[in-house]
Amino acid sequence: MGDWGRAEYVARQGIRDRRVLAAIANLSRADFVPEGERDAAYQDAPLPIGHGQTISQPYVVALMTEALELRGGERVLEIGTGSGYQTAVLALMAREVYTVEIVPELARPARRLLHRLGFTNVFFREGDGSLGWPEAAPFDAIIATAAPEEIPRELLRQLRPGGRMVIPVGATHEAQELLRLRRGQPGMLPRVDRLLPVRFVPMTGQASVPG
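Structural notes, computed from the coordinates. Since the structure is predicted, the reported quantities are computational estimates derived from the model, not experimental observations. (Residues numbered from 1 in each chain as written. Predicted model: local features only at pLDDT ≥ 70, side-chain atom pairs only at ≥ 80, totals over all residues. Heavy atoms only, no water.)

### A closer look at helix H3 (residues 58–67)
Here is step 1: Across the 10 residues of H3, 10 count as buried, placing the element largely inside the fold.
Here is step 2: Along H3, the residues classified as buried are Pro58, Tyr59, Val60, Val61, Ala62, Leu63, Met64, Thr65, Glu66 and Ala67.
Here is step 3: Glu69, located one to two residues past H3, shows a positive phi value of around 60°. (Buried < 20%, exposed > 50% of the residue type's maximum accessible area, 1.4 Å probe, protein only. Helix = DSSP H or I, 4+ residues; strand = E, 2+ residues; numbered from the N terminus.)

### Observations concerning the pairing of strand E1 (residues 47–50)
Here is step 1: Here E1 pairs with strand E2 (residues 53–55) via three bridges, running antiparallel. Residue Gly50 lies in a different strand from E2, and its bridge partner there is Gln53.
Here is step 2: Between E1 and E2, which pair antiparallel and follow one another directly, the connecting turn spans two residues, one of which, His51, has a positive phi of 60°. (Pairing = 2+ DSSP bridges.)

### Digging into the pairing of strand E8 (residues 159–169)
Here is step 1: For E8, a buried count of eight out of 11 residues is recorded, marking the element as mostly surrounded by other parts of the structure.
Here is step 2: As paired elements, strand E6 (residues 139–144) and E8 share four bridges and run parallel to each other. Residue pairing across strands places Ala141 opposite Arg164, the latter belonging to E8.
Here is step 3: Pairing between E8 and strand E9 (residues 177–182): six bridges, direction antiparallel. Pairing of Pro168 across the sheet is with Leu178, part of E9.

Structural data, given as structure tokens:
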């Protein structure tokens, strides 16, 4: 399945945002997986990228990105750079992407790859993603590709009023659920949309709010 074929596939699965489909179509997923996995790169399935981590299936990447409702001028925080594939999709759709990865052996190759592919609007940090990137906050959107047991308070604080956060939440694979939170005005609880059951690697947790 080629790039446009993959975009057509996720469109058939219900993805409607044309900008998301264009971003998926304009990236080669094979660039973001280990050499031994490249024959499987166009399958709609998660793939191992080493160090106990995976690259999400294209449909889930597209769904999470669509749920952020990006229009092009946003500053986005990504928790979990991984191979850089989701980062690249975001960078094609937003003004700036701030991405945090806790595994140095993944963060550094992803940074080199994204630079080689010509992305100049991505900023990188190695460390605990549950702490976010406070000095760059507030963000218009936050996306997490690792699952905390509960929603990290620090991430919610770094989301501007009206901003969206898409995050998998759950203590075990069997209990994880993908959520979209819309932050209200200060003092108001966020609105929570429950999107679908998912399975993500766990996130290092800090102080959190119930999901």
